[in-house]
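Read off the chains here:
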Amino acid sequence: MVEELSAQDGNTSTNAQPLTRFHPSRFENYRYAYPVVSRRARGVSVGVNLSPTRLCNYRCVYCQVARDGGKKNVENRVDVAVLKSEALEIARSVLDGSLFHTERFAPTPESRRVLRDFAFSGDGEPTLAPQFAEVVDALVDARNSLDYPALKLVLITNATRLRAPEVADALDRLVDARGEIWAKLDAVDDATLREYNRSTIPFETVLDNIRFAAQRWTIKIQTALFSWRGVAPDQKNAEKYVDTLNRLLTAGGKIAAVQLYTVARVPAESAAQALSDEEMDRRAEFVRRETGLDVEVFYSK
């Protein structure tokens, strides 16, 4: 999901806590689009929720979206015209400053009152949406209509459908329109994928998808690090992780950066707990040293 401000931004006032700890995929009366102050984007990200039924093929233990009790037997479709209109309206409210007159966003620091991206995110895996390609085209058109060249399009994905022909074709268009692909890589093998992401999809299938994407485009890798049932990731996990990244690089994969982040909001399962800043820094330094990649770190607050 779209992430929040880092503690290193120095925004620690009580009034700012909703910005850093509360990221609902709903805003006022909008159905699909919602703004967040994003720590990874370093400004305002306009999220678009392509999963109104909370459709996802992962059940990550650290996720903030409640999967139980969701809508059953309801087609996961969106009104693309409404979604586009909402995204544009929120984007314009950032550009003209009116968003920051609302109670929730009034505490936004000046340095973060910048429109950064349209993010395919929300309450599930965006590429599962039957209208994913239509929404890509709609948001590319919305971006062009704003005449704001700095605006990016970002797909935040668990990487399970990147090889699907209709998804890959849409992502060609997204990347051509200054888009970025942020692919999740939390696991290092089948066992950790089942335990952390609660999915039966084989790890090598996910890795093949990421390899395909990194060879076709330039991507970012996003990885959640956390203590699970009182146990933090050990050195063996770290070594397998950098080995996986190096395998991608050896295969000709283009990785712009690795984003390491930890639990910052209330997780689905309380046994998933944030790592300390020191633990995050140690892992980041190990990844940098062993892969030569740029590594960005996002802490719990």
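Scroll up to find the structure.
Residues numbered from 1 in each chain as written. Predicted model: local features only at pLDDT ≥ 70, side-chain atom pairs only at ≥ 80, totals over all residues. Heavy atoms only, no water.

**What to know about the pattern of salt bridges**
Here is the rule we go by: In the sections that follow, a salt bridge refers to a side-chain nitrogen of Lys or Arg positioned within 4 Å of a carboxyl oxygen of Asp or Glu. The helix and strand labels rest on DSSP assignments: H or I over at least four residues marks a helix, E over at least two residues marks a strand, and numbering proceeds from the N terminus. Relative accessibility under 20% of the residue-type maximum defines a buried residue, over 50% an exposed one, and the middle range a partly exposed one, all with a 1.4 Å probe and only protein chains included.
In the structure shown here, the tally under the stated rule is 16 salt bridges. Among the ionic pairs, E285 bridges to R288, the shortest N-O distance being 3.6 Å. One end of the pair, E285, and the other, R288, are both in helix α8 (residues 277-291), 3 residues apart, so they sit about a helical turn from each other. We classify E285 as partly exposed; its relative accessible area is 41%. On the accessibility criterion, R288 (32% relative accessible area) is partly exposed. Put simply, K152, E180 and K220 are held in one network by salt bridges that share partners.

**Quick word on the environment of V135**
Defined as follows: Residue contacts are defined here by distance: any two heavy atoms, one from each residue, within 4.5 Å place the two residues in contact.
Looking at where V135 falls in the secondary structure, it is placed in helix α3 (residues 132-146). C-alpha separation for the pair V135 and L83, spaced 52 residues apart in sequence, amounts to 8.1 Å. For V135, the contacting residues outside a window of four places in its chain are L50, V78, V80, L83 and F120.

**Description of empty space enclosed by the protein**
Leftover empty space is mapped by rolling, across the atoms, a probe with the size of a water molecule. Threshold: The way it works is a 1 Å grid over only the protein atoms, where trapped points that fit a 1.4 Å probe form a cavity and open points with protein on both sides within 12 Å along at least five of seven lines form a pocket, and then any residue with an atom within 4 Å of a point lines it. Grid points are joined across faces, edges and corners, and a volume is the space filled by probe spheres set on the points. Three classes are used: nonpolar for Ala, Val, Leu, Ile, Met, Phe, Trp, Tyr, Cys and Pro, charged for Asp, Glu, Lys and Arg, and polar for all others, with Gly counted as polar.
Scanning the model with the defined rule gives 4 cavities of 30 Å³ or more in all. Here the second largest cavity defines a volume of roughly 60 Å³. Lining the second largest cavity we find D186, V188, Y196, T223, A224, L225, F226, P233, N237, Y241 and R283. Each residue belonging to the lining of the second largest cavity can be placed in one class, and the counts come to 7 nonpolar, 2 polar and 2 charged.

**Re the side chain of T108**
To keep things clear, this is the line we draw: Counting of polar contacts relies on pairs of N or O atoms within 3.5 Å, with two restrictions inside protein: one atom must be capable of donating a hydrogen and the other of accepting it, and residues adjacent in sequence are counted only when both atoms are side-chain atoms.
Looking at the secondary structure, you find T108 in the loop between α2 (80-95) and β3 (115-121). The class of T108 is buried, set by a relative accessible area of 3%. Within the local environment of T108, its side chain forms a polar contact with the backbone oxygen of F105, the two atoms lying 2.7 Å apart.

**A short note on the sheet that holds strand β2 (residues 43-49)**
For clarity, the cut-off: Strand pairing is assigned whenever DSSP identifies at least 2 bridges connecting the two strands. Axis definition: a line fit to C-alpha positions, over the contact stretch in the case of helices; interaxial angles, taken between N-to-C directions, run 0 to 180 degrees.
With respect to topology, 8 strands assemble into an open sheet ordered β1-β2-β3-β4-β5-β6-β8-β10, the strand pairing being mixed. This sheet does not close on itself; its edge strands, each paired only once, are β1 (33-38) and β10 (295-298). For this sheet, the mean angle separating the axes of adjacent strands, direction not counted, is 25°. As paired elements, β2 and β3 share 6 bridges and run parallel to each other. Paired with V46 across the bridge in β3 is F118. Running at roughly 170° to β2, α2 makes contact with β1, β2 and β3 of the sheet. Across the sheet, helix α4 (residues 165-176) lies against β3, β4 (152-157) and β5 (179-184), angled at about 125° from β5, the strand it touches most.

**With respect to the nonpolar core**
Rule in force here: By convention a nonpolar core is built from buried Ala, Val, Leu, Ile, Met, Phe, Trp, Tyr and Cys residues, the set being connected through side-chain atoms within 4.5 Å.
Formed by 95 residues in total, the largest nonpolar core has its most connected members in F120, L139, Y241 and L245. No other element matches the 8 residues that α3 contributes to this core. If we skip the residues at most four places from it in the chain, L139 touches V48, L83, A87, F118, F120 and L153.

**Description of the packing of aromatic side chains**
Counted only if it meets this: In this analysis, rings of Phe, Tyr and Trp, with Trp reduced to its six-membered ring, are considered paired at centre separations within 6.5 Å, and the interplanar angle assigns stacked below 30 degrees, edge-to-face beyond 60, and tilted for intermediate values.
This model, assessed by the stated rule, comprises 5 aromatic pairs. For the ring pair Y62 and Y261, a centre distance of 6.5 Å and an interplane angle of 85° mean the geometry is edge-to-face. Here Y261 lies in strand β8 (residues 254-261) and Y62 lies in the loop between β2 and α2, a separation of 199 residues in the sequence. Take Y62: its relative accessible area is 7%, and that puts it in the buried class. A relative accessible area of 4% places Y261 in the buried class.

**Brief notes about unusual backbone geometry**
Unusually for a residue other than glycine, A159 sits at a positive phi of about 75°. For A159, the position within the fold is in the loop between β4 and α4. Phi at R178 is positive, roughly 65°, even though this residue is not glycine. Relative to the helices and strands, R178 resides in the loop between α4 and β5. Using a relative accessible area of 40% as the deciding quantity, one classes R178 as partly exposed.

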